[in-house]
Amino acid sequence: MTTMRLQKLREEVLEANLELVRRGLVLYTFGNASGISRENGRIAIKPSGVPYENLKPEHIVLTDLEGRVVEGDLRPSSDLPTHVELYRHFPGIGGISHTHSEFATAWAQAALPIPCLGTTHADYFHGPVPVTPALTETEIADDYERNTGLAICRVVERLGPEEVPAVLVAGHAPFCWGPSSAEAAHHAVILEFVARMAYHTLLIKADAGPLAAELQTLPP
Ligand SMILES: [Zn+2]
């Protein structure tokens, strides 16, 4: 039963990773998606450095909730410690995706939140997509990936992981999540779409928006 469940998780995580490629969000190997089985205490994540076209379910690495590899011959993605912190802080998260998709990453590099300018954005993110504060020198030098996760968690604790299923990491790129790895990949696709639309909207009209507050919030 456990084996079957974990095999299914690996297949779902493989599919989420391939979805990021199909939607043009990943250049070479810049990206990763993971999923979690809370019953089994296992995280499934893309291995590091394996080209997507060669990825098979058995390549997906299984770790425990501390990020220690328990199954798989390959190294897990180097962003694993970021994923681990998010899973540990927010029990409702079932999957996480990370890409360097062009427009969302441009906002992250500018260290600016993506303003909520329209209802497509509001339907998914219920307000601006936040950006983390820049990490300190010590946070960068000592366990950058874990400290990135903690910086995201501090932002999400204020807003709630369901209300805003994405955060931009300043100077890096977005992380997205959802109840499953498929939902996390879906949010990465939508995030790129709204990041591109916000960019174009502000090019057309530099002082556009924001959307009326009543349209930004979750329905009661
Ligand atoms: Zn990255």
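Before reading on, note that the structure itself is shown above.
Residues numbered from 1 in each chain as written. Predicted model: local features only at pLDDT ≥ 70, side-chain atom pairs only at ≥ 80, totals over all residues. Heavy atoms only, no water.

1. Considerations on the pairing of strand β7 (residues 174-178)
So, point 1. Of all 5 residues in β7, 5 are buried, a share of seventy percent or more.
So, point 2. Here β7 shows two buried faces, one formed by P174, C176 and G178 and the other by F175 and W177.
So, point 3. Bridging between strand β5 (residues 95-99) and β7 involves 4 bridges; their strand directions are antiparallel. Following the sheet pairing, S97 is matched in β7 by C176.
So, point 4. Bridge count between strand β6 (residues 166-168) and β7: 3 bridges; the pairing is antiparallel. (Buried < 20%, exposed > 50% of the residue type's maximum accessible area, 1.4 Å probe, protein only. Helix = DSSP H or I, 4+ residues; strand = E, 2+ residues; numbered from the N terminus. Pairing = 2+ DSSP bridges.)

2. Brief notes about the sheet that holds strand β4 (residues 69-71)
So, point 1. The 7 strands are arranged β4-β3-β2-β1-β5-β7-β6 in an open sheet whose pairing can be described as antiparallel. Looking at strand neighbours, the two that pair on one side only are β4 and β6, the edges of this open sheet. Put simply, the sheet's adjacent strands are angled 25° from each other on average, direction ignored.
So, point 2. Along the sheet face, helix α2 (residues 80-89) touches β1 (31-37), β2 (42-45), β3 (61-63), β5 and β7 and points at about 40° away from the line of β1.
So, point 3. Against the sheet, helix α3 (residues 102-109) contacts β5, β6 and β7, and its axis sits at roughly 55° relative to β6. (Axes fitted to C-alpha atoms, helices over the stretch in contact; angles between N-to-C directions. Contact = heavy atoms within 4.5 Å.)

3. Considerations on the environment of L211
So, point 1. Checked against the element boundaries, L211 lands in the loop between α7 (181-204) and α8 (213-216).
So, point 2. Under the relative-accessibility criterion, L211 is labelled buried at 14%.
So, point 3. C-alpha separation for the pair L211 and P128, spaced 83 residues apart in sequence, amounts to 9.9 Å.

4. Concerning the environment of R10
So, point 1. With respect to the secondary-structure elements, R10 resides in helix α1 (residues 2-22).
So, point 2. Between the alpha carbons of R10 and S34 there is a distance of 8.8 Å; along the sequence they are 24 residues apart.
So, point 3. With residues up to four places along the chain from it excluded, the contact list for R10 reads P57, E58, I60, L62, E71 and G72.
So, point 4. Polar contacts involving the side chain of R10 include one to the side chain of E71, which spans 3.3 Å. (Polar contact = N/O pair within 3.5 Å; in protein donor to acceptor, adjacent residues only side chain to side chain.)

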